[in-house]
Amino acid sequence: MRNIVFLLFTFSLTYSYTQQEKTLDKIINEWHQNAANAAFDAYFSITTDDFIFLGTAPEERWKKKEFMTFCKPYFDKKTTWDFKPSDRLWNYSEDGNTAWFDESLETWMQGCRGTGILSKIKGEWRLSYYNLHVLIENDKIQEFISLRKKQ
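So, here's what we can say about the structure. For clarity, every value in this text was computed on a predicted model and none was experimentally measured.

### Section: the nonpolar core
Grouped together as the largest cluster of nonpolar side chains are 30 residues, with contacts concentrated most on Tyr43, Phe53, Phe67 and Leu118. Counting only elements with at least two residues in this core, the list comes to α1 (2-36), α2 (40-45), β1 (47-54), α3 (64-76), β3 (84-92), β4 (98-107), β5 (110-121) and β6 (124-134). Sequence-distant contacts of Leu118, that is, excluding residues within four places in its chain, are made with Leu24, Ile27, Ile28, Trp90, Asn97, Thr98, Ala99, Phe101, Trp125, Arg126 and Leu127.

See below:
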């Protein structure tokens, strides 16, 4: 009997995490799709008030309002980005109110990676942090360093 209870408990934990991951995947997939569709309000609606976006350029550390100002002309002209995510992995805080992830992205910059943090606020998941970075193979790093040093 104990084995059955243990198996049911294990299955319920696995099932709940799978359902949670599906929910979180849907949120982030829609966030990416909102960018591709130039849906400005929808794109920013899932972010927290203190949302931070780190872009690929060294100076790109945007607070939410700054990032909105930067993005608005692109969304208005419908010249936004279309990132295709895959291989997303989730981790969770012990209390279950924070989730963080990393994902592979196919972009106009070739392969990239994104990392993000979601917080559960009043029962709703909200994106509070996202970091977009370009991938560079180790054997190409010296060439990349040289390129960055060029003025």
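Still to come is the rest of the account.
### Regarding the pairing of β5
Both β4 and β5 contribute to a ladder of ten bridges, which runs antiparallel. Along β5, the bridge assignment pairs Glu103 with Gly114. Between β4 and β5, which pair antiparallel one after the other, the connecting turn spans two residues. As judged from the ten bridges shared by β5 and β6, these two strands associate in the antiparallel manner. Bridge assignment links Cys112 to a residue of β6, and that residue is Val134. As consecutive antiparallel partners, β5 and β6 are separated by two residues, and within that stretch Lys122 has a phi angle of approximately 50°, a positive value.

### Some remarks on the packing of aromatic side chains
Scanning all chains against the criterion turns up 20 aromatic pairs. A ring pair is formed by Phe101 and Tyr130, whose centres lie 6.2 Å apart and whose planes are at 40°; its orientation type is tilted. One end of the pair, Phe101, is in strand β4; the other, Tyr130, is in strand β6, and 29 residues separate them in sequence. On the basis of relative accessibility, which here comes to 3%, the residue Phe101 falls in the buried class. Residue placement shows Lys72 over the ring face of Phe40; its charged tip is 4.9 Å from the ring centre. Note that Lys77 overlies the ring of Tyr74, its terminal NZ or CZ placed 5.8 Å from the centroid.

### What to know about the sheet that holds strand β2 (residues 61-63)
If you walk across this open sheet you meet the six strands as β2-β1-β6-β5-β4-β3, and the pairing is mixed. If you trace the sheet from one side to the other, it starts and ends with β2 and β3, each paired once. Direction aside, neighbouring strands of the sheet carry axes that sit 15° apart on average. Pairing geometry for β1 and β6, over four bridges, is parallel. Note that in β6 the partner of Phe53 across the bridge is Tyr130. Across the face of the sheet, α3 comes into contact with β1 and β2 while running at roughly 105° to β2.

### Thoughts on the pairing of β1
Along β1, six of the eight residues are buried, which leaves the element largely enclosed by surrounding structure. Summarising the sheet, β1 and β2 pair through three bridges and their orientation is antiparallel. Bridge pairing links Phe53 to Trp62 in β2. Counted along the chain from β1 to the antiparallel partner β2, the turn is six residues long.

### Comments concerning the pattern of salt bridges
A complete count under the given rule lists six salt bridges for this structure. The residue Arg88 makes a salt bridge to Asp25 at a minimum N-O spacing of 3.0 Å. Placement of the pair is Arg88 in strand β3 and Asp25 in helix α1, with a sequence separation of 63 residues. Given a relative accessible area of 24%, Asp25 falls into the partly exposed group. Here Asp82 and Lys84 are joined by a salt bridge, their closest N and O atoms 3.0 Å apart. Each of Asp25, Arg88 and Glu103 takes part in one network of salt bridges that share partners.

Criteria and cut-off values
Residues numbered from 1 in each chain as written. Predicted model: local features only at pLDDT ≥ 70, side-chain atom pairs only at ≥ 80, totals over all residues. Heavy atoms only, no water. Core = buried A, V, L, I, M, F, W, Y, C linked by side-chain atoms within 4.5 Å. Buried < 20%, exposed > 50% of the residue type's maximum accessible area, 1.4 Å probe, protein only. Helix = DSSP H or I, 4+ residues; strand = E, 2+ residues; numbered from the N terminus. Contact = heavy atoms within 4.5 Å. Pairing = 2+ DSSP bridges. Phe/Tyr/Trp six-rings, centres within 6.5 Å; stacked < 30°, edge-to-face > 60°. Lys NZ or Arg CZ within 6 Å of the ring centre and 35° of its normal. Axes fitted to C-alpha atoms, helices over the stretch in contact; angles between N-to-C directions. Salt bridge = Lys/Arg side-chain N within 4 Å of Asp/Glu carboxyl O.

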